[in-house]
Amino acid sequence: MRSTPRPDAVLVQAVIAGALSFAHLHDLAEAAGQTGWKAWAYPVSVDLLLVAAWRRLRTLRAAGAPASSAWSWFTVALVASLGANVATAGLLDLGHVPDWLRILVAGWPALAFLGGTLLVHTSVESPPEVEPMADVDPVANSTVIEPGSADSEPAPALPAAEPASEPAALAVPPALVAHARKVADDHHARTGTRIDPDTLRARLGVPPLMAEAIAAQLA
C-alpha cells in the first residue's frame, strides 16, 4: 500500500511567508503609484533577485571564489522585502506615501535589472591551485660534465695544490654537500665501492681541496 503523502511543515511555512511578503510588496508598490500589473510585477522582481543572489552565492562558495558581490545583491533584495513588510505594518500611511519612497519604488526596476545581469553574466574564476613545493637543489640545475660525455670538453689542467692538513675545515655549502652525497650514493650503487676524492672532483667539477673537504664530510 502506498503511504499517504504528508505535507511538509517547513514547505507550508515557506509558502505562507512568501505569500505574505508578496502581498506586502504589492501593497507598497500600489501605494507608491504603481497600479495595475506593475504593482504585481514588483514582488516578483524582488523575490527573483533574492533567489538569484542566493543561488549565485552557493555557486561561488562551492567554487571557492569570492562571494562579496552575491552577498551584496542578496542583502539589497532582503532589505527591499523586509522593508515592505515593515512599512505595511501600520508604521507608514499608505494613503500618503512620502516622495523618497516613491523614488525608491520607481527606481527599483533598474536596480533589479543591474543586479540580475551582474549575477548571471559574471564568470566564476576558481582560485589557482597551489602546487606543493618540491625540494629545490641549487646544484641540480648546474652543468655537471660527466666523464666520457660526447659534448664534454677536456677541462684545463689545474695546478697541483698542496694537500691541506685539515680538508674538513674548508667551508662547503650545505647544498653542495647534499648534491655530492647523491653522487656518492649513485656511484656506490653502480660500482659497489665508495667514491674517491678524484672521482668526486671530476663529477662535481670542483678543485681538489674542495673535493677532499666534501669527501671528509661524506665519510
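About the thresholds
- Residues numbered from 1 in each chain as written.
- Predicted model: local features only at pLDDT ≥ 70, side-chain atom pairs only at ≥ 80, totals over all residues.
- Heavy atoms only, no water.
- Helix = DSSP H or I, 4+ residues; strand = E, 2+ residues; numbered from the N terminus.
- Buried < 20%, exposed > 50% of the residue type's maximum accessible area, 1.4 Å probe, protein only.
- Contact = heavy atoms within 4.5 Å.
- Phe/Tyr/Trp six-rings, centres within 6.5 Å; stacked < 30°, edge-to-face > 60°.
- Axes fitted to C-alpha atoms, helices over the stretch in contact; angles between N-to-C directions.
- Parallel < 35°, antiparallel > 145°, perpendicular 65-115°, else oblique.
- Nonpolar A, V, L, I, M, F, W, Y, C, P; charged D, E, K, R; others polar.
- Arc of directions from axis to C-beta.
- Left-handed = near helix turned anticlockwise from the far one by under 90°.
- Salt bridge = Lys/Arg side-chain N within 4 Å of Asp/Glu carboxyl O.
- Core = buried A, V, L, I, M, F, W, Y, C linked by side-chain atoms within 4.5 Å.

Caption draft 1: Expanded view of the overall build of the protein chain. Scanning the protein chain from N- to C-terminus turns up seven helices and zero strands. Ordered by position from N to C terminus, the α and β elements of the protein chain give α-α-α-α-α-α-α. Counting all 219 residues of the protein chain, 26% fall into the buried class. Long-range contacts, defined as pairs at least 24 residues apart, comprise 68% of the intrachain contacts of the protein chain with a sequence gap of at least 6.

Caption draft 2: Seen up close, the packing of aromatic side chains. Under the criterion given, the structure shown has three aromatic pairs. Here phenylalanine 22 and tryptophan 40 contribute two aromatic rings whose centre-to-centre distance is 6.0 Å and whose plane-to-plane angle is 25 degrees, an arrangement assigned as stacked. Here phenylalanine 22 is found in helix H1 (residues 9-31), whereas its partner tryptophan 40 is found in helix H2 (residues 37-63), with 18 residues between them in sequence. Overall, phenylalanine 22 belongs to the partly exposed group, its relative accessible area being 23%. The exposure class assigned to tryptophan 40 is partly exposed, which follows from its relative accessible area of 46%. Where tryptophan 54 meets phenylalanine 74, the ring centres are 5.8 Å apart and the plane angle is 45 degrees; that geometry is what we call tilted. One end of the pair, tryptophan 54, is in helix H2; the other, phenylalanine 74, is in helix H3 (residues 68-91), and 20 residues separate them in sequence.

Caption draft 3: Region of the structure containing the packing of H1 against H3. For the pair H1 and H3, the least separation of the axes is 8 Å and the interaxial angle reads 75 degrees. The orientation of H1 with respect to H3, classified from their angle, is roughly perpendicular. On the side of H1, the interface is formed by Leu20, Ser21, His24, Leu25, Asp27 and Leu28, while H3 contributes Ala80, Ser81, Ala84, Asn85, Ala87 and Thr88. Tallied by class, the residues present in the contact of H1 with H3 amount to six nonpolar, five polar and one charged.

Caption draft 4: Looking closely at helix H6 (residues 197-204). Regarding H6, the residues found buried are Leu200, Arg203 and Leu204. Axial view of H6: buried residues confined to an arc of 85 degrees, hence all on one face. Those residues of H6 that are buried are in contact with helix H5 (174-191) and helix H7 (208-218). Where H6 terminates, the next one or two residues include glycine 205, which has phi positive at roughly 70 degrees.

Caption draft 5: Inspection of the packing of H2 against helix H4 (residues 99-121) at higher detail. Interhelical geometry of H2 versus H4 gives an angle of 25 degrees and a closest axis separation of 10 Å. In terms of orientation, H2 and H4 fall into the roughly parallel class. For the pair H2 and H4, the crossing hand works out as left-handed. Taking contact as the criterion, the partners of Tyr42, Ser45, Val46, Leu49, Ala52, Ala53 and Arg56 in H2 are, on H4, Val105, Ala106, Trp108, Pro109, Ala112, Gly115, Gly116 and Leu119. Of the residues belonging to the contact of H2 with H4, the class tally is 11 nonpolar, three polar and one charged.

Caption draft 6: Structural detail: the pattern of salt bridges. Overall, the coordinates contain one salt bridge when judged by the stated rule. Here arginine 190 and aspartate 186 are joined by a salt bridge, their closest N and O atoms 3.0 Å apart. One end of the pair, arginine 190, and the other, aspartate 186, are both in helix H5, four residues apart, so they sit about a helical turn from each other. According to the relative accessible area criterion, arginine 190 is exposed, its value standing at 53%. Look at aspartate 186 and you get partly exposed, because its relative accessible area is 34%.

Caption draft 7: Quick look at the nonpolar core. Ranked by internal contacts, the top residues of the largest apolar core, which has 27 residues, are Leu49, Val105, Trp108 and Leu119. Sorting the residues of this core by element identifies H1, H2, H3 and H4 as the ones contributing at least two each. Counting residues per element, this core draws most heavily on H2, which supplies eight residues. Setting aside anything within four residues of it in sequence, one finds leucine 119 in contact with Leu49, Ala52, Ala53, Arg56, Ala70 and Trp73. By size, the runner-up hydrophobic cluster in this structure holds 16 residues, among which are Val177, Met210, Ala213 and Leu218.

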